[in-house]
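One-letter residues, chain by chain:
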Amino acid sequence: MIWKNIKPLRTLLFILPIATCLLSGCNLQSNRQTSPIFYIDSKHGDDTHQGTSKERPWKSFAPLKSVQLIRGGKILLANGSIFSTALILKNIDAKAHAPLIISNYSKSTASNSKKPFIRVTNKPEAIRIENCSNTTVSNLKVSAQKEEATTHKKENYKMRCGVFIKITKPGHYSGISLDHLDVENVFMNSPGIIRSANEVKTANGKQEYGWGIRVINRQKKAVLESITIQNTRVRNVAHTGIKFTAFKPINEQYGLRKITINNNDVQRTGGPGIQMSGVQHAHVFKNTVNQSGSNDDSRKWGRGSGLWTWSSENVLIEHNRFTNANGPGDSAGAHIDFNCKNIIVQYNFSANNAGGFCEILGNNYNCAYRYNISVNDGFRVKGENNAFQEGKLFWLSGYVGSKARTGPFNSYFYNNTMYVSKPIVSKIAIDKEAKGVLIANNIFYLENTSELVKGDQYNPEKNSNKTIQNVVFTNNLFLHESAWPNNLLNQQISFFGNPKFTNNGGAEIVHYTPKDRKLVQNKGIHIPKIPNDSIGIVGGMQLEKDILGNYINGLPDLGAIEIKN
């Protein structure tokens, strides 16, 4: 599969050393010797110390300016320390075999177990990693906020980040790893700010927000690759929890490549939980995103999907949990924004997301939702609570910004299980500009009815007499005949009945195991390519296992769970 080259990076790295030591000397005899470990303790340190032992640590980050970081080593911060200045790592050209590690240490087995805390105010970031390679940061806590005092001078930057990774000059950079970080309370503005009600309707809001972790490469002649963010908690930030931004590809050259995002817990973000723009080759797995688009603080944007991609290619999104996304627009569990290729959303649990479950916008090629479970997604009603979009269970849109609508092309949607309780009327939208659609082997357990609505992304689609071509719509199970809008695509074979889930409305994957074997078992088809599609899904149409890891033997069952014999 395309993901074989996206192996989760291990936290291998450790660099840092010194060609020029502190004036007091570091007692290095040769470059072949092990580089020193620098210790920093905000409570018991002293910047006049050498900083090379736990017994005589530095107090602050200031002495780091006196050393040249060129060979392998470590910077270790004492547990329980609190720092009010940012940790800046800039132009560190470490090697994979001698990387730089920034992490924590305990002075004794009985010492404070709290992670070192970098807590800044009126600073653009708590940690900045600029033009660096092979650098690992782990086991730290960070926050960055605006000082409440109104007399503080105006800041000359436009956003604030917990961790900011950026490229500002041409070159090839690789090997950045963030592991076991706690990022929380990141805000650009002082408490109590009142934002315009229209700001949440703009495509991304202003930049004047707090962002949890941001990775930016806007240099057209630079590439940053092999980035890992894992085992990290992001809490209570004004906009996006984890965000990647690079230029759109020029001659298929992406500014950010080979990204691994796994085992992270992202909660209460004012914008999306995780977002990727201008990314090639990414694996996003085993993350939990809850309450994206949070509006519990007026400094937050108040809109956001659990995850979305834009202008990206070859991204595998699997085994994640996306719940309780909020906002007047978008705010799906995971959605695929325009200009993408080969985005696969599989094996995820999506529940109670206002905007919906499946959202694929224009100029997207060969994207797929398969073997996911959706519960009560798409409940938003246009016009209520400032909502400018309907929530939609299933949405294919040709929206591509200000340009004429086009696509999406060859969209695959199969073996998903969707449960929607009775109060919710499920909305379905398929743009007439869509070309190539496969909807097969799904369970649509919609207790209420469904209705056809227009796509309404800023400039709504217009009425058209076009017929969507190259459609495969077959072998889906519906609770009743009104669970799919009349005259929308031509259903070739359909089934009706109650699969009898073990716990309707439950919050776990196993709650959607069908008990009616005869209704679903071996009723699926092997998924073909859409007519006139020569590509299909990168990595193959068929899967060996279902969402629970059960092997798929013979014909697949309907829905996301294969019933064991």
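Residue numbers run consecutively from 1 along every chain, following the written order of its sequence. pLDDT decides what is reported in this predicted model: residues at 70 or higher carry local features, side-chain atom pairs at 80 or more are listed and counted, and totals for whole chains, interfaces and linings draw on all residues regardless. Calculation of side-chain values draws on the structure's entire complement of heavy atoms; hydrogens and water are dropped beforehand.

Looking only at helices and strands, one finds one helix and 40 strands in the protein chain. Buried, partly exposed and exposed residues are distinguished by accessible area as a fraction of the type maximum, computed with a 1.4 Å probe on protein chains only: under 20%, between the cut-offs, and over 50%, respectively. Scored against the burial criterion, the 565 residues of the protein chain give a buried share of 61%. If you take every contact in the protein chain between residues at least 6 apart in sequence, the share linking residues at least 24 apart comes to 77%. Carbon together with sulfur atoms contributes 48% to the accessible area of the protein chain, which is approximately 22,700 Å² in total. To qualify as a helix, a DSSP run of H or I must reach at least 4 residues; to qualify as a strand, a run of E must reach at least 2; elements of each kind are numbered from the N terminus. Working rule for contacts: check all heavy atoms of both residues, and any pair within 4.5 Å makes them a contact. Only the protein chains shown count as cover for residues, and the accessible areas themselves come from Shrake-Rupley with a 1.4 Å probe.

Okay, the pattern of salt bridges next. Any carboxyl oxygen of Asp or Glu within 4 Å of a side-chain nitrogen of Lys or Arg constitutes a salt bridge here. A complete count under the given rule lists 16 salt bridges for this structure. In this structure, Lys 141 and Glu 184 form a salt bridge, with 3.4 Å as the shortest nitrogen-oxygen distance. Residue Lys 141 is found in strand E9 (residues 141–145), and its partner Glu 184 is found in strand E12 (residues 182–186); the two are separated by 43 residues along the sequence. Overall, the relative accessible area of 23% leaves Lys 141 in the partly exposed class. Judged by relative accessible area, which is 19%, Glu 184 ranks as buried. Here Arg 233 and Asp 182 are joined by a salt bridge, their closest N and O atoms 3.5 Å apart. Of this pair, Arg 233 sits in strand E15 (residues 233–237) while Asp 182 sits in strand E12, and the two are 51 residues apart along the sequence. The exposure class assigned to Arg 233 is partly exposed, which follows from its relative accessible area of 33%. Given a relative accessible area of 14%, Asp 182 falls into the buried group. The network of salt bridges with shared partners includes Lys 115, Asp 182 and Arg 233.

Cis geometry is adopted by the peptide bond preceding Pro 408, which originates at Gly 407 and carries an omega value of 0 degrees. Residue position: Pro 408 is located in the loop between strand E31 (392–396) and strand E32 (409–414). Even without being glycine, Arg 268 reaches a positive phi, approximately 55 degrees. Here Arg 268 shows up in strand E18 (residues 265–269).

Note that Asn 134 resides in the loop between strand E7 (125–130) and strand E8 (135–138). Between the alpha carbons of Asn 134 and Ile 92 there is a distance of 8.3 Å; along the sequence they are 42 residues apart. Residues adjacent in sequence count toward polar contacts only when both atoms are side-chain atoms; beyond that, a polar contact is any pair of N or O atoms within 3.5 Å, and within protein one must be able to donate a hydrogen and the other to accept it. Within the structure, the side chain of Asn 134 is placed 2.9 Å from the backbone oxygen of Ala 94, a separation counted as a polar contact.

Its location among the elements puts Gln 346 in strand E26 (residues 341–346). Look at Gln 346 and you get buried, because its relative accessible area is 2%. Leave out the neighbours within four places in its chain, and Gln 346 touches Leu 316, Ile 317, Glu 318, His 319, Arg 370, Tyr 371, Asn 372 and Leu 543.

Each Phe, Tyr or Trp ring (for Trp, its six-membered ring) is paired with any other whose centre lies within 6.5 Å, and the angle between the two planes then decides the class: stacked below 30 degrees, edge-to-face above 60, tilted in between. Taken as a whole and assessed by the stated rule, the structure comprises 22 aromatic pairs. Ring centres of Tyr 365 and Phe 409 lie 4.6 Å apart, and the angle between their planes is 15 degrees; on these two criteria the pair is classed as stacked. Taken together, the residues span a long stretch of sequence, with Tyr 365 in the loop between strand E28 (356–360) and strand E29 (368–370) and Phe 409 in strand E32 at a distance of 44 residues. The class of Tyr 365 is partly exposed, set by a relative accessible area of 33%.

This part covers empty space enclosed by the protein. A cavity, in this analysis, means grid points on a 1 Å lattice covering only the protein atoms where a 1.4 Å probe fits yet has no way out; a pocket is instead an open set bounded by protein on both sides within 12 Å along at least five of seven lines, and a residue lines either one if it has an atom within 4 Å of a point. Grid points are joined across faces, edges and corners, and a volume is the space filled by probe spheres set on the points. Here the structure, examined in full by the defined rule, presents two cavities of 30 Å³ or more. Every residue along the wall of the second largest cavity is listed here: Phe 322, Gly 333, Ala 334, Val 345, Asn 348, Ser 350, Phe 357, Tyr 369 and Asn 372. A per-class count over the lining of the second largest cavity returns five nonpolar, four polar and no charged. Just so you know the grouping, Ala, Val, Leu, Ile, Met, Phe, Trp, Tyr, Cys and Pro go in nonpolar, Asp, Glu, Lys and Arg go in charged, and all remaining residues, Gly too, go in polar.

Before going further, it helps to spend a moment on the environment of His 335. Looking at where His 335 falls in the secondary structure, it is placed in strand E25 (residues 334–336). Note on His 335: relative accessible area 2%, which makes it buried. The spatial distance from the C-alpha of His 335 to the C-alpha of Trp 395 is 9.7 Å, given a sequence separation of 60 residues. Side chain to side chain, His 335 and Ser 305 meet in a polar contact 2.7 Å long. Side chain to side chain, His 335 and Asp 337 meet in a polar contact 3.1 Å long.

Moving on: the state of the cysteines. Pairs of cysteine sulfur atoms within 2.5 Å are identified as disulfides in what follows. Per the counting criterion, the structure on display carries zero disulfides. Unpaired in terms of disulfides, Cys 367 finds its nearest cysteine sulfur in Cys 340, a separation of 6.1 Å. Under the relative-accessibility criterion, Cys 367 is labelled buried at 1%.

Turning our attention to the pairing of strand E11 (residues 171–179). Counted residue by residue, E11 has seven buried out of nine residues, so it is predominantly covered. Strands pair, by our definition, only if DSSP identifies at least two bridges between them. Strand direction decides the pairing type here: E8 and E11, joined by four bridges, are parallel. Paired with Thr 135 across the strands is Ile 176, a residue of E11. The pairing of E11 with strand E14 (residues 222–230) spans eight bridges and is classified as parallel. Across the sheet, the residue bridging to Ser 174 is Glu 225, located in E14.

Moving on, we come to the nonpolar core. Core analysis: the biggest nonpolar cluster contains 90 residues, and Ile 118, Phe 244 and Trp 484 have the highest contact counts within it. Tallying contributions element by element places E14 first for this core, with four residues. The contacts of Trp 484, once residues within four sequence positions are left out, are Phe 394, Ile 428, Ile 430, Ile 439, Phe 444, Ser 450, Phe 473, Phe 478 and Leu 489. In plain words, nonpolar cores are sets of buried Ala, Val, Leu, Ile, Met, Phe, Trp, Tyr and Cys residues tied together by side-chain atoms within 4.5 Å. By size, the runner-up hydrophobic cluster in this structure holds 35 residues, among which are Leu 316, Tyr 347, Leu 477 and Ile 509.

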